[in-house]
Amino acid sequence: MAVETFVSKTLELLQEEREAEIEETKIWQENISLKDLQNKGVCLLKLQIGSQSTGLYGRTVIVLEPRKHLGFSSLPSNNFGPGDIVGIYDPSGCSAASQVCTGIVIRISQASVSVAVDDLKDGASFDSDGLYNLLKLANDVTYKRMKRALNALNGYRTGPASCLIPVLFGDAQPSSHSQSNEFEFFNSKLDDSQREAVSFALSQRELAVVHGPPGTGKTTTVVEIILQAVKQGQKVLCCAPSNVAVDNLVERLARCKAKVLRLGHPARLLESIQKHSLDAILAQSDNANIIADIRKDIDKVGMKKKSEKGERGNFKREIGELRKELKNRETAAIAEILKSADVVLSTNTGACDDGPLKFLPAEHFDWVMIDECAQALESSCWIALLRARKCILAGDYKQLPPTIKSQKAAAKGLSLSLMERLIQMYGDSVVRMLTVQYRMNSAIMEWASKEMYNGRLTAHSSVEKHLLKDLPGVACVEETSTPLLLIDTAGCGLSEMEIADEQSKGNQGEVDIVSLHIKSLTEAGVKAKDIAVIAPYNLQVDLLRQKLSARHPEMEIKSVDGFQGREKEAVVLSLVRSNRKGEVGFLAEDRRINVAVTRARRHIAVVCDTQTVGNHAFLKSLVDHMAVFGEVRTAFEYLQDIVPQNYTRDHKATKTNTSSTSSKQKSRDHGPGKPKEGQKTTSSSKDNTAGSQNHTKSHTPAQKDQKDKSRYAEIRLQVENFMKDVNMKNLHFPSSFNSHDRLLVHQIAEELGLVHESRGEGGGRCITVSRPVALEPVEEPTQEETQEEEPAPALQSEPPPSQPLVDLKTLHLERMQREQQKREENVQQKKQQNCNPAAQGAKKSKGKNKTKAGACDIAAAAVPDDDFDALISAVVKADSVCSFVKCKASVLTLGQLCIFCNRQFCLSHHIPEVHGCGDEAKSHARMRISKEGVLYAGSGKKDKSLDPNKKVYLQRKLDSKLKDMASQRKPKNKEKDT
Ligand SMILES: Nc1ncnc2c1ncn2[C@@H]1O[C@H](COP(=O)(O)OP(=O)(O)OP(=O)(O)O)[C@@H](O)[C@H]1O
Ligand SMILES: [Zn+2]
Ligand SMILES: [Zn+2]
């Protein structure tokens, strides 16, 4: 009964999912430009042929690359993967008429995609100068196979799985063998939890679940289980949802000398795996020569001129005979090979009856092992499960579930994996969890363990304390000495781009900060190939690649979903979302964040707006964990390095001229070895001394603390003496001061409201403290805006540097919140007056008329209330003329607002390219994504907040932009032969 219910419900949901997919494809074909398809990651446009070769059992393999002369060396972020079925089209479009051929993606990197092409249409060939489009094709083979398996499950009467099925549907209890047989482990290094999982799997009669959290050696355990099964004489069918996971197992098992056989299209297998493929083994078998001869004969016959009438019939018959002979021989050879293998491996759907397995008797396999089970649709598992009397499922259901297009079908249960369903049904009695992890520094692990794995994980001693600085060639600087680094953009105005599509978000400010952090890491000697940059959004991935890929071609920059199953020494995670409403959308999928964080071995840096992401409990737990156990910096510490392109918060440039360097200006924790050029911190504040400044430095072990304190007192005394001596202009500290000393100087200067500056490089670097430049007097600032207006607020009682950390964090957040409120009020006010403070700020900044939409908020925030009126009137005036440098044209009646910089321009300067927003316009055009169409499974809610008028305006603008850009380009007309 349970089976019937399950099958009918699942068939329905699969149908829904299939319809969603078809619907999506239809929408694409009808409404979406190729450009947009590319943005969605399912299309790659205008690729050129990098090389062409014959490989893989006679198939043509072409390598497609982005056009070189455009300067893009990397492909746009996309969802192509090995094994995908694709169409190759000439550049006229992606319609049936322009299709050159279809093929299968063999391999894809950031720089190129290799496709094993199916037969070319008659007469067609690839033009080495031509450009081609690549489109992912929907493929219903998988659906058909799953449906068939479900129907078979429903009608299952007798067969190997008759005892297994009732257990998997709760109609019979799982049981175990009465006497556990003694066995010896092949791998003597297994830890206790791994051994327990292996013993348990061996002792169960029908079902065992191995729950392997990140880095706990799940594959190691699975391999041991399989080897033990083989030793007992069992035949094992081993599956996983993805080709990558299957190949990984093939490699590991082959290394242990197991007799493995990998099923699947050779194009889909890793090169190193191909020798284990059915095709390769077949090619080496005794039958191979005969088969090859027959093939040759067929080719020969086929080559003869087809036009010779009369002869034609003979050829056909001859070929027919040869084909039949070939088929018989191959069938026999395949069956023989299959039977002699101990472990047959394939993807879940590759284990179907229409593949080579049809040559085996129904009872052939004893066990079915499904790895990465939590990432598979249950229906796909049933393709293999019907073949065995016992199943072992391995995976981690706390990581991302299978990708499902229909949110409805997902919500109704399609995304529930077999593994999770069984755990819901039987609880822990069928599960053994691996609890020792071999990847993460314990500080990284603790959060995941606590939030996702009931606190059961422990870090193996080999990784527990490992840090980047322990890697050969990596210097010990602050960035390489901390496992957790949170770079908080709250209150820094680094808002996400306003794009109507929930699936596509970007944040240029975070890109810049990530880039600076990458710079510190690589300068400290961390290799680019050991760093992963991860973002949850494809758009952000693209922006990050644009910024970083040219400089670091070896660095992997991927979406979270694309990184599951992988690990890197260092991970830099950009969470992107930063908005007033506190919307986190897509990030609200806890498992996605879990995956992102647990890729890191020695270091994870999270760049995010804690104020936005803090609205989500799970994300907040991460932020809090990092605040307590790691190091927290505010993005302000980085902004000085990126201000010019990004925004004008340097209000000295705005000539509102005051005193008030932003209250938010935080002490910058320049770490040893990472001081930034030209960096100057002119601010300090009472409020800093109140402790919030110290939140940048968090983790201080007790003994170190003691030493720090005395050194701190020593330096502090020197600085205080300097302050008393009015004749002394500067206080130079010797270059013998190490980076930590300099850090203390920095802290003290901050506390005492002094200016400090580091000069020189490496060992010659030294720090100087001086009095702040005299500032114009200002009115008493408000409580919140507590400022550094008096040169020396100093010498009030200073709390010692270490403070309860959580409190600091809270203080910080509270303050950010107050600032946010204030900013919002200001913006409100600004709106009423219909003015635009950013315009003025931008005009004066660097002469390079460029500013971001958010800049006005920042400028407003940076100005104390009292000055606000003055600013407003200045700005109203500025706003009535064109914002282009030196242009005096009035924009009151005929002005045009630039959506990128939010400024008014006259008709001759309103085009983004003309006044300096060209880059933004270009990237915006690239990012335009239609509202519908869902790329990922997940829990994201659509952002419905964008004003429809604005959206229409935006669309129109972008459309005309695209047209402009298209007409500027002379498309190369390629001749077509049909
Ligand atoms: N018992 C062990 N002793 C020492 N190292 C181990 C042990 N088990 C696993 N490892 C190490 O942990 C790492 C991950 O192991 P493995 O490849 O089996 O896990 P995985 O399945 O790829 O990862 P995950 O656990 O994230 O799924 C490997 O470097 C492996 O050598
Ligand atoms: Zn502009
Ligand atoms: Zn103008």
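Within each chain, residue numbers correspond to sequence positions counted from 1 in written order. Chains carry letters from A onward and ligands carry numbers from 1 onward, assigned in written order. For a predicted model such as this one, the threshold for reporting local features is a pLDDT of at least 70, and the threshold for listing and counting side-chain atom pairs is 80 or more; totals across whole chains, interfaces and linings nevertheless cover every residue. By convention in this description, side-chain values take in all heavy atoms of the structure and omit both hydrogens and water.

Per an unreviewed UniProt entry, the protein chain carries the name DNA-binding protein SMUBP-2 and comes from Xiphophorus couchianus. For the protein chain, the Function (unreviewed entry) comment in UniProt is given as "5' to 3' helicase that unwinds RNA and DNA duplexes in an ATP-dependent reaction. Specific to 5'-phosphorylated single-stranded guanine-rich sequences. May play a role in RNA metabolism, ribosome biogenesis or initiation of translation. May play a role in regulation of transcription. Interacts with tRNA-Tyr." UniProt positions are given in the numbering used here, feature names are shortened, and annotations may be inferred rather than shown by experiment.

**Quick look at unusual backbone geometry**
The backbone phi angle of Lys257 is positive, close to 70°, even though this residue is not glycine. Mapped onto the elements of the fold, Lys257 is located in the loop between helix H7 (243-255) and strand S9 (260-262). Lys257 gets classed as exposed once you look at its relative accessible area, which sits at 72%. Although it is not a glycine, Glu372 adopts a positive phi angle of roughly 50°. Mapped onto the secondary structure, Glu372 falls in the loop between strand S11 (367-370) and helix H11 (378-385). Here the term buried applies to any residue with accessible area under 20% of the maximum for its type, exposed to any over 50%, and partly exposed to those in between, with areas from a 1.4 Å probe on protein chains only. According to the relative accessible area criterion, Glu372 is partly exposed, its value standing at 24%. In DSSP terms, a helix is any run of H or I states spanning at least four residues, a strand is any run of E spanning at least two, and both are numbered starting from the N terminus.

**Details of the nonpolar core**
In this description, a nonpolar core means a group of buried Ala, Val, Leu, Ile, Met, Phe, Trp, Tyr and Cys residues linked to one another through side-chain atoms lying within 4.5 Å. Formed by 63 residues in total, the largest nonpolar core has its most connected members in Leu153, Leu207, Trp382 and Leu385. When sequence neighbours within four positions are dropped, the list of residues in contact with Trp382 reads Phe6, Ala149, Leu153, Ile165, Leu168 and Phe169. The next biggest cluster of nonpolar side chains, apart from the first, holds 43 residues, and it includes Ala443, Ala448, Val584 and Ile593. Here, two residues are considered to be in contact whenever any of their heavy atoms come within 4.5 Å of each other.

**Focus: the packing of helix H6 (residues 218-231) against H7**
Between H6 and H7, whose axes approach to 10 Å, the crossing angle comes to 60°. Considered as vectors, H6 and H7 are oriented oblique to each other. H6 and H7 meet at a crossing whose hand is right-handed. Counting all contacts with H6, which are made through Thr219, Thr220, Val222, Val223, Ile226 and Leu227, the residues of H7 involved are Asn248, Leu249, Arg252 and Leu253. The classification used treats Ala, Val, Leu, Ile, Met, Phe, Trp, Tyr, Cys and Pro as nonpolar, Asp, Glu, Lys and Arg as charged, and all other residues, Gly among them, as polar. By residue class, the composition of the contact of H6 with H7 is six nonpolar, three polar and one charged. Every axis corresponds to a line fitted to the C-alpha atoms, with the helix fit spanning only the stretch in contact, and the corresponding angles, defined between N-to-C directions, vary from 0 to 180 degrees. Note on terminology: angles under 35 degrees are roughly parallel, angles over 145 are roughly antiparallel, angles of 65 to 115 are roughly perpendicular, and the others are oblique. Should the near helix be turned anticlockwise from the far one by less than a right angle, the crossing is left-handed, and should it be turned clockwise, the crossing is right-handed.

**A closer look at the pattern of salt bridges**
Any Lys or Arg side-chain nitrogen found within 4 Å of a carboxyl oxygen on Asp or Glu counts as a salt bridge. Tallied over the full model, the rule gives 33 salt bridges. A salt bridge links Arg389 to Asp366, with the shortest nitrogen-to-oxygen separation between them at 3.4 Å. Placement of Arg389 in the loop between H11 and strand S12 (390-395) and of Asp366 in the loop between strand S10 (343-347) and S11 is noted, with a sequence separation of 23 residues between them. Judged by relative accessible area, Arg389 falls into the partly exposed class, the value being 37%. For the salt bridge of Glu523 with Lys519, the shortest nitrogen-to-oxygen distance reads 3.5 Å. Here the residue Glu523 and the residue Lys519 both occupy positions in helix H16 (residues 508-523), the gap between them amounting to four residues, near one helical turn.

**What about the sheet that holds strand S24 (residues 766-770)?**
Whether two strands pair depends on DSSP finding at least two bridges between them. One open sheet accounts for three strands, arranged S22-S24-S23; its pairing is antiparallel. Across the chains shown, the open sheet's two edge strands, defined by having one partner strand only, are strand S22 (730-732) and strand S23 (755-759). Put simply, the sheet's adjacent strands are angled 20° from each other on average, direction ignored. Sheet topology note: the S23/S24 ladder contains five bridges and is antiparallel. Of the residues in S24, the one forming a bridge with His756 is Val769.

**Some details on the site of ligand 1**
In the neighbourhood of ligand 1, 15 residues make up the surrounding shell, with Lys189, Gln194, Gly215, Thr219 and Thr220 lying closest. Whenever two N or O atoms come within 3.5 Å, that pair is a polar contact, provided that in protein one can donate a hydrogen and the other can accept it, and provided that, for residues adjacent in sequence, both atoms are side-chain atoms. Within the backbone of Lys189, a nitrogen or oxygen atom sits 2.7 Å from a nitrogen atom of ligand 1. Between a nitrogen atom of ligand 1 and a side-chain N or O atom of Gln194, the distance comes to 2.8 Å. In isolation ligand 1 exposes 620 Å². Once the protein is present, 71% of that is buried. Ranked by the residues each element gives to the shell around ligand 1, the list is headed by H6, at three residues. Split by residue class, the shell around ligand 1 holds four nonpolar, six polar and five charged. Residues are classed as near a molecule or strand on a simple rule: at least one heavy atom within 4 Å of it. Areas reported here follow the Shrake-Rupley algorithm with a probe of radius 1.4 Å; residue values treat only the protein chains shown as occluding.

**Let's talk about the pairing of strand S19 (residues 568-574)**
Of all seven residues that make up S19, seven are buried, and the element is covered over most of its length. Classification remark: right-handed applies to a crossover when, strands pointing away from the viewer, the course from the first strand over the helix to the second runs clockwise. As for the winding sense of the linkage, the β-α-β connection from S19 through helix H19 (residues 590-597) to strand S20 (residues 600-608) is right-handed.

**Side note on the packing of aromatic side chains**
What describes a pair of aromatic rings is the distance from one ring centre to the other and the angle between the planes of the rings. In this scheme Phe, Tyr and Trp rings, the latter by its six-membered ring, pair at centre separations within 6.5 Å, and the angle between planes marks the pair as stacked below 30 degrees, edge-to-face above 60, and tilted otherwise. Per the counting criterion, the structure on display carries four aromatic pairs. For the pair Phe169 and Trp382, a centre-to-centre distance of 5.6 Å together with 15° between the ring planes defines the contact as stacked. Here Trp382 lies in helix H11 and Phe169 lies in the loop between helix H4 (164-168) and helix H5 (192-203), a separation of 213 residues in the sequence. Judged by its relative accessible area of 7%, Phe169 is buried. Judged by its relative accessible area of 0%, Trp382 is buried. Within the aromatic cluster, the residues linked to one another by ring pairs are Phe6, Phe169 and Trp382. Whether a charge sits over a ring depends on NZ of Lys or CZ of Arg being within 6 Å of the ring centre and within 35 degrees of the ring normal. Cation over ring: Arg432 sits above Phe200, and NZ or CZ is 3.8 Å from the ring centre.

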